[in-house]
Amino acid sequence: KSQDLTWAQLAMAANAPMLTKAAMVDGKAEVGILPAGQVVGVIDALPTVAEVIDGIIAEAEATLHRLTS
């Protein structure tokens, strides 16, 4: 009562631990929820998978070059 939650908000809050477990522990993201936290507000790029892999390769090559020079 003191937080003025709707019935839907109350139900979600009550079920959040089970929904989080379903997604994160049981691997059933389609039936659970994935908590994102406050960090989502600082995301400034959404690279493709190819861009991420290319970046990893470039960093690895640069590191190997630095270590062998």
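Just above sits the structure.
Fair warning: this is a prediction, and the values are worked out from it, not measured in the lab. (Residues numbered from 1 in each chain as written. Predicted model: local features only at pLDDT ≥ 70, side-chain atom pairs only at ≥ 80, totals over all residues. Heavy atoms only, no water.)

## Describing the environment of Glu-30
Counting through the fold element by element, Glu-30 comes out in the loop between helix H1 (7–24) and helix H2 (49–68). On the accessibility criterion, Glu-30 (66% relative accessible area) is exposed. Along the primary structure Glu-30 and Thr-48 are separated by 18 residues, whereas in three dimensions their C-alpha atoms are 22 Å apart. (Helix = DSSP H or I, 4+ residues; strand = E, 2+ residues; numbered from the N terminus. Buried < 20%, exposed > 50% of the residue type's maximum accessible area, 1.4 Å probe, protein only.)

## Re a nonpolar patch on the surface
A contiguous nonpolar surface patch, about 530 Å² in accessible area, is contributed by Val-39, Val-40, Val-42, Ile-43 and Leu-46. Inspection of the secondary structure puts Val-39 in the loop between H1 and H2. (Patch = residues over 30% accessible without salt bridge, like charges linked within 9 Å, V, L, I, M, F, W, Y side chains within 5 Å. Areas by Shrake-Rupley, 256 points an atom, 1.4 Å probe, with all protein chains shown as cover. Salt bridge = Lys/Arg side-chain N within 4 Å of Asp/Glu carboxyl O.)

## Quick notes on the pattern of salt bridges
Taken as a whole and assessed by the stated rule, the structure comprises one salt bridge. In this structure, the salt-bridge partner of Asp-26 is Lys-21, at a minimum N-O distance of 3.0 Å. Residue class for Asp-26 comes out partly exposed when judged on its relative accessible area of 39%. Residue class for Lys-21 comes out partly exposed when judged on its relative accessible area of 42%.

## Structural notes on the environment of Lys-21
Relative to the assigned elements, Lys-21 resides in helix H1. When the C-alpha positions of Lys-21 and Ile-33 are compared, they lie 8.4 Å apart, and in sequence the two are twelve residues distant.

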